[in-house]
Amino acid sequence: MKLLNQSLKYLSISILGIVTVWSVVFYMNMLNEIKSSIDEGLENYKRLIIQNAQVDATILTKTYFDESFFTLRKIAAEEALNMRDSYIDTEIYMQDADDQAPEPEPVRMLTTAFEYNGQYYELKVANSMVEEDDLINELFWDVVWLYILLIAGIMVVNNIVLKKLWKPFYDFLKELKNYRLGSTQKLPETNTQTREFLDLQQAVNTLLQHSLAAFEQQKEFIGNASHELQTPLAMVTNKLELLLESSDLKQAEAEKIAAIFQIIERLVLLNQSLLLLSKIDNKQFFDNQQVSINEVVQQNRLELEELATFKALNITVTESEVLKVTIDPTLADILVANLLKNALFHNIKNGRVNISLSKDSLRLCNTGVSQPLESEKLFSRFHKTDSRSSGTGLGLSIVKAIADLYGFTIAYHFEKGEHVFEVKFSSL
Amino acid sequence: MKILVIEDEIDLQQSIKESLVKEDYLVETASDYHSAIEKVFVYQYDCILLDIMLPHGSGLDILDELKQAGKTENIIIISARNSLDDKLKGLELGADDYLTKPFHLAELNARVKAVLRRKNLAGENGIAFKNTRLDISERLFFVNGQNISLNRKEFDILYYFLLNKKRLVTKTGLAEHVWGDNSDQADNLDFVYYQIKNLRKKLQDAQAEIEIESVYGIGYKLMEK
């Protein structure tokens, strides 16, 4: 979720809360205000009635509500003396313009008592009140409109102002995404006066400079490690070669030395593969250019043709389209060669290898052992399906490392008795 | 032919020397930057094998100085660093070839001979051994003046053997040289065996006075009968 939408999410939730609480409080206050204003009116009305009763005694006989909205009732002195003025909300049957028949409408009623000529009367004065459900309804829609307006306003402000404010950030992010350690010369920077962004830029660039230094150091270390390991290996190999050339060796001794020699050769190969793997992992190949995978496939096929003939394998290539990929040519060659060799070496006599190329994928199907391989372990380092094999178990890991480097996907499945390896070049 | 080996690892230096002496070259050695510079500027060599990492200096600096002094020796860099940068830099500075450690002695032989041939045998393009002759530019093979047809790989193999007469050629070294491949898959070595078998048969049928001997199951030697 984008920052813009996130802030909108939190704002709309909190504004919803604030508006809800506010409208409840507002409603209560308004209702109280209305009631106290009606109560004052009722008080005034009461006084007028009592005053009028002094003049016109007929008023005292009015025992039901009519147009003048009050009633009088004789009561005992005791009752009257205990009575206090009380205001209550109640309902009286009334008929207004939009009513068919009289129906209960809310009223505010003042109940009080007074004394006239030694006789006590109970006086009830009523006044019509706002209908609360109407009020709530009205208020509710007002609040909903207010809420919608607020959110719309915030969205507009967000889109215009925030987008403008965050622009340096997004620019910086874009530069950072395109940054490649060791190959991009310029450190990412953005044109801004905002302090946070300047701080971010500085922090990122400091980090990048550290990484760059570490990267250089690592590159140097790999170079040195390769030197340190390869030189002793060279010494051993060459000494053994000279030893094996000397004519005064006994057969049994020579065979033992030959065995050691073969072990050393495996060590050499292992070291070379590991170096290659670490170089790929350290992204030290980035001479990217447009490479036609079709050509790489054809070339590798030519290289391995005699071996295929020797193993009586039938290699077919189906090219439905030209597959062009932006990749380091050396790595493209290693990728294809390793996959093809894998298909040849783990094959059976009179087997088949089919290579098909489409617009964005390379697919190799080959015959081999009749069970599916363990696809999750297949690309892991030093995994060998056959312990007798003298390979390093690094071939497919190298393929995987190259695929990972460029964001290609590589998958294995077993289909109709054939092993299928597929590389999809559409980078993510 | 005089060759200078500049290499700081004495064991390796001695192995290289021993191998080159077997090929009847006059070999001198240097183990650090200063002695190398001294020898390079005092004597004349036909070929210099140069390690990049040296005590007191870099092999690339030696190359640079040679270039500035206008000396055009044949130089093969032998280095453990197979970093492309170094390789390009070395070749740019005038090195003739670049060999990554560890290497097979047979491969070193082949490279040295190739470099020397480019310089000294400009017109001549053949290697003769007993009653056989290999024409390199035409890619033809003759036994007693008779053309024997060889396929592409057989020719490459025989060429490699002729560059390493009477020397041990390991199966892996052969596979690496001829197929440019460094995987030691058993299949690959079986294939080497199969090619050698065909080649032996052709040599025998043509009554060549040379033969390919097996060496303890790890390689071969080209010998006269």
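What counts and how
- Sequence positions are assigned chain by chain, starting from 1 and proceeding in written order.
- Each chain is given a letter, starting from A, and each ligand a number, starting from 1, according to the order in which they appear as written.
- Per-residue local features of the predicted model are confined to residues with pLDDT of at least 70, and side-chain atom pairs are confined, for both listing and counting, to 80 or more; whole-chain, interface and lining totals are unaffected and use all residues.
- The side-chain quantities take in all heavy atoms of the structure and omit both hydrogens and water.
- Counting from the N terminus, the helices are DSSP H or I runs at least four residues long and the strands are E runs at least two residues long.
- Any two residues having at least one pair of non-hydrogen atoms within 4.5 Å are treated as being in contact.
- Following DSSP output, two strands are said to pair if at least two bridges run between them.
- Classification of ring pairs rests on two measures: the distance between centres of Phe, Tyr or Trp rings, Trp counted by its six-membered ring, which must be within 6.5 Å, and the angle between planes, read as stacked under 30 degrees, edge-to-face over 60 and tilted in between.
- Each residue gets one of three labels from its accessible area relative to the maximum for its type: buried under 20%, exposed over 50%, partly exposed in between, using a 1.4 Å probe on protein chains only.
- Criterion for a charge above a ring: Arg CZ or Lys NZ at most 6 Å from the ring centre, at most 35 degrees from the ring normal.
- Salt bridge, as applied in this entry: a Lys or Arg side-chain nitrogen positioned within 4 Å of an Asp or Glu carboxyl oxygen.
- To get an axis, fit a line to the C-alpha atoms, keeping to the stretch in contact for a helix; angles then go from 0 to 180 degrees between the N-to-C directions.
- Note that the term roughly parallel is reserved for angles under 35 degrees, roughly antiparallel for angles over 145, roughly perpendicular for angles of 65 to 115, and oblique for everything else.
- Note on convention: near helix rotated counterclockwise from far helix by under a right angle means a left-handed crossing. Clockwise means right-handed.
- Amino acid classes used here: Ala, Val, Leu, Ile, Met, Phe, Trp, Tyr, Cys and Pro are nonpolar; Asp, Glu, Lys and Arg are charged; the rest, including Gly, are polar.

J.: In this structure, what is going on with the overall build of chain B? I would like to understand it.
T.: Each helix and strand in chain B was counted, giving eight helices and 14 strands. Sequence-distant contacts in chain B: of pairs separated by 6 or more residues, those separated by 24 or more amount to 57%.

J.: Would you explain the pairing of strand 4 (residues 119-128) of chain A in this entry?
T.: Along any regular strand, the residues point their side chains to alternate faces of the sheet. All names here are of chain A. Bridge analysis of strand 1 (residues 70-75) against strand 4 gives six bridges, and the strand direction is antiparallel. Each bridged residue has a counterpart across the sheet, and for isoleucine 75 the counterpart in strand 4 is tyrosine 120. Joining the antiparallel neighbours strand 3 (residues 103-116) and strand 4 is a turn of two residues, in which asparagine 117 adopts a positive phi near 50 degrees.

J.: What is the right way to read the packing of aromatic side chains from this model?
T.: For any pair of aromatic rings, the description rests on two quantities: the centre-to-centre distance and the angle between the ring planes. Counted by the stated rule, this structure contains 18 aromatic pairs over all chains. With a centroid separation of 5.6 Å and an interplanar angle of 75 degrees, the aromatic rings of Phe169(A) and Tyr170(A) are classed as edge-to-face. With relative accessibility at 23%, the residue Phe169(A) sits in the partly exposed group. Chaining the aromatic ring pairs together yields one cluster made of Trp166(A), Phe169(A), Tyr170(A) and Phe197(A). The lysine or arginine in question, Lys2(B), covers the ring of Tyr45(B), its NZ or CZ lying 5.3 Å from the ring centre.

J.: Help me out: how do you make sense of the pattern of salt bridges in this one?
T.: Any two side chains of opposite charge can pair, so long as their charged atoms come close to each other. According to the stated counting rule, one finds 29 salt bridges over all chains in the structure shown. In this structure, Asp171(A) and Lys167(A) form a salt bridge, with 3.1 Å as the shortest nitrogen-oxygen distance. One end of the pair, Asp171(A), and the other, Lys167(A), are both in helix 3 (residues 132-178), four residues apart, so they sit about a helical turn from each other. For Asp171(A), a relative accessible area of 34% puts it in the partly exposed group. On the basis of relative accessibility, which here comes to 49%, the residue Lys167(A) falls in the partly exposed class. Residues Arg167(B) and Glu245(A) are paired through a salt bridge, measuring 2.8 Å at the closest nitrogen-oxygen approach. One end of the pair, Arg167(B), is in the loop between helix 6 (152-163) and strand 12 (168-170); the other, Glu245(A), is in helix 4 (residues 195-245), on a second chain.

J.: In this structure, what is going on with the packing of helix 2 (residues 33-42) of chain B against helix 3 (residues 59-68) of chain B? I would like to understand it.
T.: Helix-helix packing is characterised by the crossing angle of the two axes and by the distance between the axes. Residue and element names in this part refer to chain B. Interaxial distance between helix 2 and helix 3 falls to 11 Å at its minimum, and their mutual angle equals 25 degrees. Taken together, the axes of helix 2 and helix 3 are roughly parallel relative to one another. Classified by chirality, the crossing of helix 3 by helix 2 is right-handed. Here Tyr33, Ala36, Ile37, Val40 and Phe41 of helix 2 lie close against helix 3, whose contacting residues are Asp61, Ile62, Glu65 and Leu66. For the contact of helix 2 with helix 3, the class distribution of residues is seven nonpolar, no polar and two charged.

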